[in-house]
Amino acid sequence: MKLADYEPIVGPNIIEELKSLARRLKGKLVRNINSTAVGGGVAEILMRLVPLLNELGLDVRWDVIKGEERFFSITKKFHNMLHGKKVKLLPNEIELFLKNGEDNLKNMDLSGDILFIHDPQPIVLVKKKQFQKKSKWLWRCHIDVTEPNEQIWSFLKTFIEQYDASVFSSPNFAQQLKIRQFLIAPSIDPLSDKNKDLSQNEIADVLNRLKIAADKPIITQVSRFDYLKDPLGVIDVYRLVKKYTDCQLILAGGTATDDPESALVLNKVTEKAQGDPDIHILALPPTSDIEINALQRASTVILQKSVREGFALTVTEALWKAKPVVASAVGGIPLQIKHEFSGLLSRTTEGTAYWVKQLLNSPDYAQNLGRVGKEHVRQNFLLTRHLREYLLLFLALYHHSDIVNI
Ligand code: UDP
C-alpha cells in the first residue's frame, strides 16, 4: 500500500500532516527489532507501518532476533506471567533468557538513530545503549499488563528503565517507571483483507461456502474460543433474544491447535449449541481474513461479550464496518464504544439480550450507532493515526533531550 491509497479514506489533511511531521525526521535510521517476522499482531502492524514510514522519508528497518525453541517457550511463560499468571520463573530460565540476549547482542547490527524494541523477547539488547550515546532506545509493550505478575515485572523493569522511553497500548496498562511512558492505541488497516470493502457478491459467496442462509437476522461474535471471550454466554444471549425475534447466531473463531484449552472450549460450545440449526459454530483457519470480513459485514448485530479484554480489535473491525456492536465494558472496549453513541455497553447476559432485541427492532437506531461507530474508528483507530503517533513519539525523543540539555 502507498500513503496515497489512504487519502480517500482519511482525507488529504491527515496525509499532509504525516508528510510534514516526517520531514523533520528525514533520513533518521529507525531500527525495529522483534521476535518474529510473521504471525501475531506485532509482525502484522510492523509489516504495514514500516513501508509507509519509509515512503515518508525515514530509513526504517526491521530485524528479528534469533532464538531456539526453549527460549521461545520461556518467553511464552513471560507473556502469561505478564497477563498475571501465578507461576514462578526458575533461575535456569532466567539464565537461558539472558544468554540469548548476549548471543543476539554479539550477532546483530544495532546501529541507528532510534532503536525500537518490541516486547520482552529482545529487551536485553538495551545493554548496547551505553556504547552508543547518540542512539535513542524505545521499548514498546504490546501486551496487556494491567496486573502483571510481580516477579516477571520486577525482572523486566531492570531492563525497561535503561531505555529512554516506553510505549504502552492503553492508559490502564500504564506502570510506575522511572522513564517516560507514551500511550499509543493499536489500529486497524482499512485496506487489509480483513477490513477492505467487499461487494455484496463477495459477501454472498462466503456465506454460501460456509452454508449460512441470510434469511433471518444474524448475530455474530468473532473471537478465539476462550472462556474469557464468554462464547457460552453468547449462546445464552441468543436464546433469550430468539424467544422474541427469529434470528441466527454465528460464533467464529480460530482452531489454534497449540492451545489445548481452545479445543476444550470449542467442544463445550458445540455441545451447548447441539440441535439448533440456527447456531453456526465456525472453526476457521488463521488465513480466513476475507471470511471474517464477510461475516462481520453480513451481520445484523455484532457481540463482544468478553469477561476480560486487551484492546478488542474485533470491536474496532466491526465498528469500521458500521455495524451496531453490543459489548462488555472491559479492557479497551470503552475507549471504542461510548454507550448509546458509538455502540452499546452491557455487563450482564440479560442486559446484552435486551440491547440486541432493541437493535433488531429498531434498524434506524442500529444504523445510526453503526454510522457514529465508523466515524469514531476513522478518527482514532486507523493505521494513519498510528503512523502519526509514531512520528510524534520519535520527535518527542529529540525534543526531550533538547530540554534536558538546556
Ligand atoms: N481473529 C481471526 N480469526 C479468528 C478469531 C479472531 O482472525 O478466528 C482476529 C480478529 O479478527 C482480530 C484478532 O484476531 O483481528 C483478535 O484481536 P482481539 O484484540 O479482538 O483479541 P485477542 O484475540 O487478541 O484477545
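The structure we're discussing is the one just above.
Conventions we followed
- Residues numbered from 1 in each chain as written.
- Predicted model: local features only at pLDDT ≥ 70, side-chain atom pairs only at ≥ 80, totals over all residues.
- Heavy atoms only, no water.
- Core = buried A, V, L, I, M, F, W, Y, C linked by side-chain atoms within 4.5 Å.
- Buried < 20%, exposed > 50% of the residue type's maximum accessible area, 1.4 Å probe, protein only.
- Helix = DSSP H or I, 4+ residues; strand = E, 2+ residues; numbered from the N terminus.
- Contact = heavy atoms within 4.5 Å.
- Near = heavy atom within 4 Å.
- Polar contact = N/O pair within 3.5 Å; in protein donor to acceptor, adjacent residues only side chain to side chain.
- Pairing = 2+ DSSP bridges.
- Axes fitted to C-alpha atoms, helices over the stretch in contact; angles between N-to-C directions.
- 1 Å grid on protein atoms, 1.4 Å probe; cavity = no way out; pocket = protein on both sides within 12 Å on 5 of 7 lines; lining within 4 Å.
- Points joined across faces, edges and corners; volume = space filled by probe spheres on them.
- Nonpolar A, V, L, I, M, F, W, Y, C, P; charged D, E, K, R; others polar.
- Phe/Tyr/Trp six-rings, centres within 6.5 Å; stacked < 30°, edge-to-face > 60°.
- Lys NZ or Arg CZ within 6 Å of the ring centre and 35° of its normal.
- Parallel < 35°, antiparallel > 145°, perpendicular 65-115°, else oblique.
- Left-handed = near helix turned anticlockwise from the far one by under 90°.

Further remarks concern the nonpolar core. Membership of the largest hydrophobic core comes to 54 residues, with the highest contact counts inside it found for Leu 58, Leu 138, Leu 391, Leu 393 and Phe 394. Per-element accounting of this core gives the leading share, nine residues, to helix 15 (residues 383-405). For Leu 391, the residues in contact, after removing those within four places along its chain, are Leu 18, Leu 21, Ala 22, Leu 25, Leu 53, Leu 56 and Leu 58. Core analysis: the next-biggest nonpolar cluster, separate from the first, contains 34 residues, Leu 89, Leu 105, Phe 168 and Ile 179 among them.

As a structural note, the neighbourhood of the ligand is formed by Lys 194, Ser 223, Arg 224, Lys 229, Gly 253, Gly 254, Ile 292, Ala 312, Leu 313, Thr 314 and Glu 317. Here an oxygen atom of the ligand and a side-chain polar atom of Lys 194 are 3.0 Å apart. Breaking the shell around the ligand down by element, the ones donating at least two residues are strand 8 (248-254) and helix 11 (313-320). For the shell around the ligand, the element with the most residues is helix 11, which contributes three residues.

This part is about the sheet that holds strand 12 (residues 344-346). With parallel pairing, the six strands of this open sheet are ordered in space as 9-8-7-10-11-12. With one partner strand each, in any of the chains shown, strand 9 (279-284) and strand 12 form the two edges of the open sheet. Recorded for the sheet is a direction-independent mean angle of 20° between the axes of neighbouring strands. As judged from the six bridges shared by strand 8 and strand 9, these two strands associate in the parallel manner. Paired with Ile 250 across the two strands is His 280, which belongs to strand 9. The strands that helix 10 (residues 289-298) touches are strand 7 (218-222), strand 8, strand 9 and strand 10 (301-304); relative to strand 7, the one it contacts most, it runs at about 145°. Against the sheet, helix 13 (residues 349-361) contacts strand 7, strand 10, strand 11 (325-328) and strand 12, and its axis sits at roughly 155° relative to strand 12.

There is about 250 Å³ of room inside the second largest pocket. Considering the residues around the second largest pocket, the lining is formed by Val 64, Lys 66, Gly 67, Glu 68, Phe 71, Leu 96, Lys 99, Asn 100, Asp 103, Asn 104, Asn 107 and Met 108. With six residues, helix 5 (residues 91-107) is the single largest residue contributor to the lining of the second largest pocket. Across the lining of the second largest pocket, the residue classes break down as four nonpolar, four polar and four charged.

Take the packing of aromatic side chains next. Tallying each qualifying case throughout the model produces 14 aromatic pairs. The interplanar angle of 85° and the centroid separation of 5.7 Å between the aromatic rings of Phe 116 and Phe 394 together place this pair among those described as edge-to-face. Taken together, the residues span a long stretch of sequence, with Phe 116 in strand 3 (residues 114-118) and Phe 394 in helix 15 at a distance of 278 residues. Both residues of the pair, Phe 116 and Phe 394, count as buried. On the numbers, 6.2 Å between centres and 65° between planes, the contact of Trp 137 with Tyr 163 is edge-to-face. With Trp 137 in strand 4 (residues 136-140) and Tyr 163 in the loop between helix 6 (150-160) and strand 5 (165-168), this residue pair connects regions lying 26 residues apart in the sequence. Accessibility classification places Trp 137 together with Tyr 163 in one group, the buried group. Three or more aromatic residues link up through ring pairs in this structure, and these residues are Phe 71, Phe 72, Phe 78, Phe 97, Phe 155 and Phe 159. A cation over an aromatic ring shows up here: Lys 28 above the ring of Tyr 398, its NZ or CZ 4.6 Å from the ring centre. For Lys 374, the ring lying beneath its charged end belongs to Trp 320, and the centroid distance is 4.5 Å.

Moving on to the side chain of Asp 226. Residue position: Asp 226 is located in the loop between strand 7 and helix 8 (231-242). Judged by relative accessible area, which is 12%, Asp 226 ranks as buried. Within polar-contact distance, the side chain of Asp 226 engages the backbone nitrogen of Leu 228 at 2.8 Å. Asp 226 has contacts with Pro 231 and Val 265, leaving out every residue within four places of it along the chain.

For the rest of this paragraph, the subject is the packing of helix 4 (residues 69-82) against helix 6. One way to put it is that helix 4 packs onto helix 6 with a least axis distance of 8 Å and a crossing angle of 115°. In terms of axis orientation, helix 4 runs roughly perpendicular to helix 6. Where helix 4 crosses over helix 6, the two elements pack in a sense that is left-handed. Mapping the contact onto sequence places Phe 78, Met 81 and Leu 82 in helix 4 and Gln 151, Ile 152, Trp 153, Phe 155 and Leu 156 in helix 6. Across the contact of helix 4 with helix 6, the residue classes break down as seven nonpolar, one polar and no charged.

Across the five residues of strand 3, five count as buried, placing the element largely inside the fold. Where burial is concerned, the two faces of strand 3 agree: the one with Ile 114, Phe 116 and His 118 and the one with Leu 115 and Ile 117 are both buried. Taken together, the four bridges between strand 1 (residues 29-34) and strand 3 define a ladder with parallel strand orientation. Its bridge partner being in strand 3, Arg 31 is matched across the sheet by Leu 115.

Once that is clear, we can look at the sheet that holds strand 1. Hydrogen bonds along the backbone pair up the strands of a sheet, which may run parallel or antiparallel. Sheet architecture is open: six strands sit in the order 2-1-3-4-5-6, paired in parallel fashion. For this open sheet the edge positions go to strand 2 (59-64) and strand 6 (180-183), each flanked by a neighbour on one side alone. On average, each strand axis in the sheet is tilted by 20° relative to the strand beside it, whichever way the strands run. Along the sheet face, helix 3 (residues 41-55) touches strand 1, strand 2 and strand 3 and points at about 155° away from the line of strand 2.

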